[in-house]
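# Fold and geometry: a report
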Amino acid sequence: MINKLPEEIRGMNYGAGEVRVGNVTANDFFITTIEPMHGNQLVIYYKNKERLMLDSNIKEGHGLACGDFLGTGKDQAVVGWRMPNKDGKVGVKIYVRKDAVNNEWESYWIDENDMACEDLQVMDLNGDGKKDIIASGRATHNLKVYWNSQEKIKTVLLTAEFNAEKIVIHLRRPFTWANMANIKSNFTLSASADGLNFTKVKDFELTGFNESFETAITPAGARYFQLVLSDFSNPDSWHWYQISEVELLKKEEQASYSPGISHLLEKTVAIKPANKNYFNSDEQNSIKEIVPEDSVIDITAYMNVDGILQWQAPEGNWCIIRFGYTTTGVINAPANAEGRGLECDKMDPDALNFQFNSFPKKLIDAAGKYTGSTFKFLLVDSWECNYQNWTQSFPKEFEKRRGYSLTKFIPVLCGDVVSSAEQSNAFLYDFRKTIADLIEVNYYKRFNELCHQNKLEFHSEVIYGDTDYPPLDILKSNSYVDLPMFEFWSHPNKQAMPEYLPTSQPEFSFPLYSSVLYNKPVIGAEGYTSLATYSESPWNLKSYGDRAFCSGINQMILHSY
């Protein structure tokens with residue numbers, strides 16, 4: 001218990017609210033608070049140490065608690081806020097001290113954008129010895145309990161006891177700025193005869209994502225198996241982590257997901273490649289049989305309006321593929337509640353027309369005579385909507401642009417090899433090229449046309465692409481932009497202050513090349529992107545700006561962070 005603040009704790013002169021005490025050891029503590037009252041900063045004060053700001057991207061912080069939720073022997077901090085932050089998000093986060101020497105903390109979402117937290121409390125609600133979190137949201141009209149339990153997957157074998165000899169796990173993560181090949185996940189597999197008493201079979205670690213990992217286990221006969229994800233490295237925590245498949249198999253059995261083409265998910269524009277050399281690989285899964293091209297037939301005409309297939313199959317063994325599409329599920333952000341919804345189809349000009357008429361056109365109409373002068377341009381930020389690899393007109397557009405029908409190669413998209421690995425990979429190249437063409441023409445070129453029809457300029461950060469995110473000819477797409485742009489960050493140090501790290505050369509990018517190639521004298525940049533630290537001192541930002549100017553930038557667009 002603290003009777004008074006020790007004199008060694010300095011800097012607490014900002015006004016504070018929601019003050020809590022957490023334990024570092026049995027004999028040491030820290031104080032955490034939200035500054036100023038109902039403010040935007042989560043701050044830690046240590047005994048004999050300076051003030052440490054953990055986060056400045058909350059808004060109206062209104063709930064705070066400390067506790068050892070993770071069983072590390074040291075307390076973590078949990079904070080909730082009730083107004084959308086600079087990313088347009090409300091929620092609850094936990095902050096974990098990762099490095100005692102360098103005093104490093106990492107944050108993880110507990111509730112991302114579904115809890116406008118008015119208050120939160122912690123207590124052990126189910127008697128398992130672990131503190132749970134209860135939060136309430138006035139604006140979101142909800143009360144939630146976040147149970148402090150590890151996620152478990154149970155497989156119940158309803159027939160006889162099964163003697164498993166290996167486990168196959170497919171881990172999915174569509175995107176992260178970090179190298180996915182280096183992300184580690186730790187699991188514990190246990191077995192039980194009655195579903196109540198479990199015995200550990202194996203602890204194991206997997207490195208990487210977006211492939212099926214096989215792990216041999218000591219033969220374990222049981223009717224119940226339990227898999228616990230005990231730990232994982234978590235760069236870019238705002239991107240979801242999914243265990244998309246778990247199989248317990250005999251040693252000689254093949255996993256259900258075993259595509260014939262190597263790195264199929266990357267080559268079908270479903271996930272970010274960990275290595276661009278993946279696209280140069282023609283490796284084939286030797287277990288997969290090659291499907292002759294002339295054996296693939298289209299039986300769409302035999303399906304009725306209710307989705308029932310009425311087809312008399314010729315003699316032989318047939319695999320029927322029902323191939324469809326849906327939305328990507330990606331929501332635009334940041335935006336207020338009225339402006340949030342699904343991202344528009346970037347390959348469909350009709351979808352872009354609808355989106356343009358539903359929002360920008362209303363601004364144009366409201367601006368009236370000021371459009372083209374006071375209201376001069378529309379700006380499209382960098383691509384942040386994950387991956388799209390289909391649209392309604394895709395088969396027709398593919399055949400028009402590539403000169404052949406994709407129908408006989410649809411099995412390749414599902415993991416089969418048609419004709420040969422070389423020919424299947426050639427089709428996948430054409431598949432990606434068609435996606436790039438449609439985004440270029442039906443999104444960037446069409447947006448340019450809509451802007452110019454309404455006397456506006458088109459400014460944009462067309463900076464991601466190549467084989468990456470999304471597949472795109474960046475240089476060509478920038479030809480449709482009146483003001484090509486890229487971005488640079490003023491990365492914060494551990495005290496959340498800008499700290500410039502010298503580099504050996506200026507930064508070069510395709511937007512800069514396009515300004516020269518297409519004779520566009522003004523090249524812009526989203527500038528000084530980071531935490532809200534502009535007010536600390538312009539001097540802290542000067543070096544970042546100097547490098548941008550040396551890289552060819554001659555117009556700064558200040559980011560709203």
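Residues numbered from 1 in each chain as written. Predicted model: local features only at pLDDT ≥ 70, side-chain atom pairs only at ≥ 80, totals over all residues. Heavy atoms only, no water.

## Some details on the overall build of the protein
Helix and strand counts for the protein come out as nine helices and 25 strands. Taken along the three principal axes of its C-alpha coordinates, the protein extends 85 × 75 × 50 Å. Across the 561 residues that make up the protein, the buried fraction comes to 44%. Put simply, of all contacts in the protein between residues at least 6 apart along the chain, 62% involve residues at least 24 apart. Surface exposure of the protein reaches about 29,600 Å², of which carbon and sulfur atoms provide 51%. (Helix = DSSP H or I, 4+ residues; strand = E, 2+ residues; numbered from the N terminus. Buried < 20%, exposed > 50% of the residue type's maximum accessible area, 1.4 Å probe, protein only. Contact = heavy atoms within 4.5 Å. Areas by Shrake-Rupley, 256 points an atom, 1.4 Å probe, with all protein chains shown as cover.)

## A look at the pattern of salt bridges
Summed over the entire model, instances satisfying the criterion amount to 21 salt bridges. For D466, the salt bridge goes to K276, with nearest N and O atoms at 2.9 Å. Note that D466 is positioned in the loop between β22 (457–460) and α7 (474–477) and K276 in the loop between α1 (264–267) and β19 (290–291), a separation of 190 residues in sequence. Given the relative accessible area of 42%, K276 is considered partly exposed. Close ionic contact of D437 with R402 constitutes a salt bridge, the shortest N to O distance being 3.2 Å. Linking D437 in helix α6 (residues 421–453) with R402 in helix α4 (residues 394–402), this pair joins segments that are 35 residues apart in sequence. By relative accessible area, R402 is classed as partly exposed at 22%. Residues participating in the shared-partner salt-bridge network are E60, R82, E118 and R138. (Salt bridge = Lys/Arg side-chain N within 4 Å of Asp/Glu carboxyl O.)

## A look at the environment of K396
Looking at the secondary structure, you find K396 in helix α4. A relative accessible area of 60% places K396 in the exposed class. Between the alpha carbons of K396 and L406 there is a distance of 9.0 Å; along the sequence they are ten residues apart.

## Section: α6
With 33 residues, α6 should cover 48 Å at 1.5 Å per step; its first-to-last C-alpha distance of 47 Å lies within 8% of that length. The largest bend in α6 comes to about 30°, at R446. The positive-phi residue at the C-terminal boundary of α6 is K455, with phi of around 65°. (Expected span 1.5 Å × (residues − 1). Bend = angle between axes of the 7 residues up to and from the residue.)

## Comments concerning the side chain of D416
The topology assignment puts D416 in the loop between α5 (410–413) and β21 (417–418). Here D416 is in contact with I261, K288, V291 and P411, once residues within four sequence places are set aside.

## Thoughts on the pairing of strand β24 (residues 524–529)
Counting buried residues in β24 gives six out of six residues, a clear majority hidden from the surface. By the bridge criterion, four bridges tie strand β23 (residues 483–489) to β24 in an arrangement that is parallel. What sits directly across from M485, in β24, is G524. (Pairing = 2+ DSSP bridges.)

## Section: the confidence of the model for the protein
On average, residues of the protein carry a pLDDT of 86, and 90% of them reach 70 or more. Averaged pLDDT values for the elements of the protein fall to 52 in strand β12 (residues 152–156) and rise to 98 in α4. Across residues 1–13 the pLDDT falls below 50, and counting only partners more than four positions away or on other chains, this stretch makes 21 contacts in the model. (pLDDT = per-residue confidence, 0-100.)

## Thoughts on the packing of aromatic side chains
According to the stated counting rule, one finds 25 aromatic pairs in the structure shown. Here the aromatic residues F323, W390, F394, F398, Y404, F409, F427 and F431 are joined through ring pairs into a cluster of three or more. Over the face of the ring belonging to W109 we find K93, whose NZ or CZ atom lies 4.7 Å from the ring centre. If you follow K346 out to its NZ or CZ, it ends over the ring of W383, 5.7 Å from the centre. (Phe/Tyr/Trp six-rings, centres within 6.5 Å; stacked < 30°, edge-to-face > 60°. Lys NZ or Arg CZ within 6 Å of the ring centre and 35° of its normal.)

## Observations regarding the sheet that holds strand β3 (residues 41–46)
Taken together, four strands build an open sheet; the order of strands is β1-β2-β3-β4 and the sheet is antiparallel. Each edge of the open sheet carries a strand with a single partner, namely β1 (17–25) and β4 (51–55). With direction set aside, neighbouring strand axes in the sheet form an average angle of 30°. (Axes fitted to C-alpha atoms, helices over the stretch in contact; angles between N-to-C directions.)

## A word on the state of the cysteines
Evaluated as defined, the whole model comprises zero disulfides. With no disulfide of its own, C319 lies 8.2 Å from the sulfur of C414, the closest cysteine sulfur. Classification of C319 by relative accessible area gives exposed; the value is 64%. Not engaged in a disulfide, the cysteine C344 finds its nearest cysteine sulfur in C385; these two sulfurs lie 8.1 Å apart. The class of C344 is buried, set by a relative accessible area of 18%. (Disulfide = S-S within 2.5 Å.)

## Quick look at the packing of helix α2 (residues 349–358) against helix α3 (residues 360–367)
At their nearest, the axes of α2 and α3 sit 3 Å apart, and the two run at 40° to each other. Looking at the two axes, α2 sits oblique to α3. For the pair formed by α2 and α3, the contact residues are Q355, F356, N357 and S358 on the first element and P360, K361, K362 and I364 on the second. Among the residues making up the contact of α2 with α3, the classes are represented as three nonpolar, three polar and two charged. (Parallel < 35°, antiparallel > 145°, perpendicular 65-115°, else oblique. Nonpolar A, V, L, I, M, F, W, Y, C, P; charged D, E, K, R; others polar.)

## Observations regarding α4
Residues F394, E397 and F398 constitute the buried set of α4. Buried residues of α4 fall within an arc of 105° about the axis and therefore sit on the same side. The exposed residues of α4 that point more than 90 degrees off its buried face are K396 and K400. Among the structural elements, α6 are those in contact with the buried residues of α4. (Arc of directions from axis to C-beta.)

## Some remarks on the packing of α2 against α6
Packing of α2 against α6 brings their axes to within 10 Å, and their N-to-C directions diverge by 40°. Considering their axes alone, α2 and α6 lie oblique with respect to each other. As α2 runs across α6, the sense of the crossing is right-handed. Of the residues in α6, those touching α2 at P349, L352, N353 and F356 are N442, Y443, R446, F447, L450 and C451. Looking at side-chain class alone, the contact of α2 with α6 contains seven nonpolar, two polar and one charged residues. (Left-handed = near helix turned anticlockwise from the far one by under 90°.)

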